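Breakdown of the fold
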Amino acid sequence: MKSRIIALVFIFGCTTIAWFLLGAVTMTRTNEQDIKLKEAISNLWGKPQHQRAPVLYAQRTDTVEVKRTIDGTEIIENREQLVRHPLIIDSSDIMVNLDLEHRKKGLLWYPTYKVAFDGSYGLKNDTDYTLAAFFEYSFPLENGIYEDFIFTVDGKPLADISPREGHINARIDLNPGDTKTVRIAYRSQGMNEWWYDFGEGVSKINDFKLSMATNFDNIDFPENSISPTKKEKGRDGWNLEWDYISLISGIQIGMVMPQKLNPGPWVSKLTYFAPVSLFLFLFLMFIITAIKRIKLHPMNFFFISCSFFAFHLLLAYLIDHINIHLAFAISSVVSIALVVSYMRLVVGIKFALVETGISQFVYLILFSYAFFLEGYTGLAISIVCIITLFVVMIFTGKTDWEKLFASSGIGHPQGVPKNS
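The notes below deal with the structure included here. Throughout this document, residue positions are counted from 1 along each chain, in the order its sequence is written. Predicted model: local features are reported for residues with pLDDT of at least 70 only, side-chain atom pairs are reported and counted for 80 or more only, and whole-chain, interface and lining totals are derived from all residues. For side-chain calculations, the full set of non-hydrogen atoms in the structure is used, while hydrogens and water are omitted.

**Section: the pairing of strand 1 (residues 49-52)**
Let me state the cut-off plainly: Residue burial is assigned from relative accessible area. The probe radius is 1.4 Å, only protein chains are included, and a residue is buried under 20% of its type maximum, exposed over 50%, and partly exposed in between. Only DSSP runs of H or I reaching four residues or more are called helices, and only runs of E reaching two or more are called strands; each is numbered from the N terminus. A pair of strands is treated as paired once DSSP finds two or more bridges between them.
Residues of strand 1 alternate between two faces, with Gln49 and Gln51 buried on one and His50 and Arg52 left unburied on the opposite face. Bridge count between strand 1 and strand 11 (residues 193-197): 4 bridges; the pairing is parallel. Paired with glutamine 49 across the two strands is tryptophan 194, which belongs to strand 11.

This is how it looks when you write it as structure tokens:
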């Protein structure tokens, strides 16, 4: 009995090392692909987009004092300098449509999206003199792609739109009491996140409204972002609204695209936890065979452990080519077929199907499937462990362990031929 336990520990240790190597290889493949493919996806679809709020300002020539030191003597000179004077946009009415479309490259899914932006900004001159205002618009990405771009003032396109270093600066003259509307619209694409930035630091915003429609249900707002003031379920996703009469804030509006289950990291995580499932299975099989006096050689446990490892090995390379759920199903069938067909030859069909087959289904298949349940994996595994402990304790409650371990004549149970 002692030599069997030592052999089982050795087999378990070797299998664990193999799993850790497989997990490391899978993670390395994933990381290498991510470095190469992420840049390729970014070039095709763009990076996270940060749409900054336009800046409105007036320019005036002011006299400023400039200090100079000549021959050790400090001289103050008055110079004329063009100075920006910030103005507040009177109103903002923005509509954003986010259309998520995951794209798979190698072992990873990337959350790419199309965005339709349409913003109307109200300008108002409350002074008693003509105001030469400058409206500065910044593109979300300097090297991005913007289809159907519109830049109008009171419905009239600007005659000369010349973006420079990702900005458009338009002069708009406002007579006393004038109100004008600047509209900016475009269609573009990005990846991972979309933001609307009010500007650096704390900003004052008047009469602000942003309506966002998504085609996905799993909405998530990043850190340092404002939650919507209104949320309504739509047909394909959510209709969100940020509506403020007056707001002073240094926090922005943001949306994180939901991540799809990434096969590479998922399989790596599953592989690293595989020794736990094998330990539970071997523990239960050891107890069952000891109680029923079924003598299994350590080589039998070795082949069973190899069949467990085959599940993860096949899964790790199938996910490159087919859907992860289909790969999981195929790997499960292959692994169970290996164990059941082998144990049928060792101890008979009944034991192979009932004790071995059911145990493998619970401790390999259901245990592994728990990793699909994001956020509940740990709880599911804990429940399986506790149930296993409970079953073994009840099953062996009246067992004379001293007599059992002292016995050296463990054979096949009466009435069960070795190769039945």
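Next, the rest of the story.
**Focus: a negative patch on the surface**
Here is the rule: Surface patches are drawn from residues lacking salt bridges whose relative accessible area is over 30%; two like charges belong together within 9 Å, two nonpolar side chains (Val, Leu, Ile, Met, Phe, Trp, Tyr) within 5 Å. Every accessible area reported is derived by Shrake-Rupley at a probe size of 1.4 Å, with residue values counting cover from the shown protein chains alone. Between Lys or Arg on one side and Asp or Glu on the other, a salt bridge is scored when a side-chain nitrogen of the former is within 4 Å of a carboxyl oxygen of the latter. Neither His nor the chain ends contribute to the count of charged residues, in which Lys and Arg are positive and Asp and Glu negative. Here the site of a charge means atom NZ of a Lys, CZ of an Arg, CG of an Asp or CD of a Glu.
Where like charges cluster on the molecular surface, the negative patch consists of Asp90, Asp93, Asp207 and Asp243. Counting through the fold element by element, aspartate 207 comes out in strand 12 (residues 203-214). Residue classification places aspartate 207 among the partly exposed residues on the basis of a relative accessible area of 43%.

**Brief notes about the sheet that holds strand 4 (residues 91-105)**
Each strand in a sheet pairs with its neighbour through backbone hydrogen bonds, running either in the same direction (parallel) or in the opposite one (antiparallel). With mixed pairing, the 8 strands of this open sheet are ordered in space as 8-7-10-5-4-12-14-13. Strand pairing shows two members of the sheet lacking a second neighbour, strand 8 (156-157) and strand 13 (230-233), which therefore form its edges.

**Some thoughts on unusual backbone geometry**
Look at aspartate 148: it is not a glycine, yet its phi comes out positive at around 50°. By the element assignment, aspartate 148 lies in strand 7 (residues 147-153). The exposure class of aspartate 148 is exposed, given its relative accessible area of 53%. A positive phi angle is found at asparagine 224, which is not glycine, with a value near 60°. As for its position among the elements, asparagine 224 is in the loop between strand 12 and strand 13. Here asparagine 224 falls in the exposed class, since its relative accessible area comes to 63%.

**Some words on the layout of surface pockets**
So the rule is basically this: Points on a 1 Å grid over protein atoms alone make up a cavity when a 1.4 Å probe fits among them but cannot get out, and a pocket when they form an open set with protein on both sides within 12 Å along at least five of seven lines; lining residues each have an atom within 4 Å of a point. Grid points are joined across faces, edges and corners, and a volume is the space filled by probe spheres set on the points. Just so you know the grouping, Ala, Val, Leu, Ile, Met, Phe, Trp, Tyr, Cys and Pro go in nonpolar, Asp, Glu, Lys and Arg go in charged, and all remaining residues, Gly too, go in polar.
Roughly 460 Å³ of internal volume is contained in the largest pocket. Considering the residues around the largest pocket, the lining is formed by 23 residues, among which Pro54, Leu87, Phe198, Ser203 and Lys204 are closest to the centre. Elements with a contribution of two residues or more to the lining of the largest pocket: strand 2 (55-70), strand 3 (73-87) and strand 12. Counting residues per element, the lining of the largest pocket draws most heavily on strand 12, at 5 residues. Grouping the amino acids of the lining of the largest pocket by side-chain chemistry returns 15 nonpolar, 4 polar and 4 charged. Considered as a void within the structure, the second largest pocket measures approximately 340 Å³ in volume. Forming the boundary of the second largest pocket are 20 residues, of which Leu87, Lys124, Asn125, Thr127 and Leu131 lie nearest the centre. Secondary structure elements with two or more residues in the lining of the second largest pocket: strand 2, strand 3, strand 5 (108-124) and strand 6 (131-138). The element that contributes the greatest number of residues to the lining of the second largest pocket is strand 2, accounting for 4 residues.

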